[in-house]
Amino acid sequence: MTDKAGNAGARIAMLALAATAVLSGCAPVYRNHGYVPSQEQLSMIEVGRDTRETVGDFIGKPASSGVLESGGWYYVGSQWREYGWREPQEISREVVAISFDQGGKVSNVERYGLEHGKVVPLERRVTDSNIRGPSFFGQLLGNLGVLDASQVINGDQPPQ
């Protein structure tokens, strides 16, 4: 009789383990990619005063920067959610763009978010003498979703 009780206990343990494995597969898994400085770190940067060197000391050098030596620095971070067998979904994206003037001093600090597929400026600090149109990165993100794969493959022109 103890043999049957032992087998029943083993079966219950295996069933509990299998149920735990199945249920844990249904829990969402979150992954973070990239690095975006916090608001507290960005508040230490003074537009018109800080340089590339001091910004690098405060928040670190980014993985991405502008094409030219005088180009800006870009910090990009995103969060993805994986839920079971479904395709991973990007649930948030933030971009911090720090522009420098010809003398290497900070001329602009901008924070962008991606809300419902559209680029949204979350914060912008600009010197009075450096007001200009959207930054290169803002224009780049602004073009997301404008092209259709069929336009690229077939060579069709987008509607104007």
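Our subject is the structure listed above.
Residues numbered from 1 in each chain as written. Predicted model: local features only at pLDDT ≥ 70, side-chain atom pairs only at ≥ 80, totals over all residues. Heavy atoms only, no water.

> Please clarify how the overall build of the chain should be interpreted in this entry.
Looking only at helices and strands, one finds five helices and six strands in the chain. Moving toward the C terminus, one meets the helices and strands of the chain in the order α-β-α-α-β-β-β-β-β-α-α. Looking at the chain residue by residue over its 160 residues, the buried ones come to 24%. Contacts in the chain between residues at least 24 apart in sequence constitute 45% of all its contacts with a sequence separation of at least 6. Element-wise, carbon and sulfur atoms account for 56% of the exposed surface of the chain, whose accessible area totals about 11400 Å². (Helix = DSSP H or I, 4+ residues; strand = E, 2+ residues; numbered from the N terminus. Buried < 20%, exposed > 50% of the residue type's maximum accessible area, 1.4 Å probe, protein only. Contact = heavy atoms within 4.5 Å. Areas by Shrake-Rupley, 256 points an atom, 1.4 Å probe, with all protein chains shown as cover.)

> Sorry if this is basic, but what is going on with the pairing of strand S3 (residues 73-83) here?
Along a regular strand, successive side chains alternate from one face of the sheet to the other. In the sheet, strand S1 (residues 28-34) pairs with S3 via seven bridges, with the strands oriented antiparallel. Counterpart to glycine 34 in the pairing with S3 is glycine 77. Here S3 runs beside strand S4 (residues 89-100); their pairing, made up of nine bridges, is antiparallel. Across the sheet, tyrosine 74 pairs through a bridge with alanine 97, a residue of S4. Hairpin geometry of S3 and S4 is characterised by an intervening segment of five residues between the two adjacent antiparallel strands and by a positive phi of about 60° at glycine 84. (Pairing = 2+ DSSP bridges.)

> Sorry if this is basic, but what is going on with the pattern of salt bridges here?
Working definition: two side chains of opposite charge can pair if their charged atoms are close together. Scanning the entire structure with this criterion turns up four salt bridges. Salt-bridge contacts for glutamate 90 lead to arginine 93; the nearest nitrogen and oxygen are separated by 2.7 Å. Residue glutamate 94 pairs with arginine 111 through a salt bridge whose shortest N-O separation is 2.4 Å. Of this pair, glutamate 94 sits in strand S4 while arginine 111 is found in strand S5 (residues 106-115), placing the two residues 17 residues apart along the sequence. For arginine 111, a relative accessible area of 10% corresponds to the buried category. (Salt bridge = Lys/Arg side-chain N within 4 Å of Asp/Glu carboxyl O.)

> Hey, could you run me through the pairing of S4 in this one?
Bridge count between S4 and S5: seven bridges; the pairing is antiparallel. Each residue of the ladder has a partner; that of phenylalanine 100, found in S5, is valine 106. Hairpin geometry of S4 and S5 is characterised by an intervening segment of five residues between the two adjacent antiparallel strands and by a positive phi of about 85° at glycine 104.

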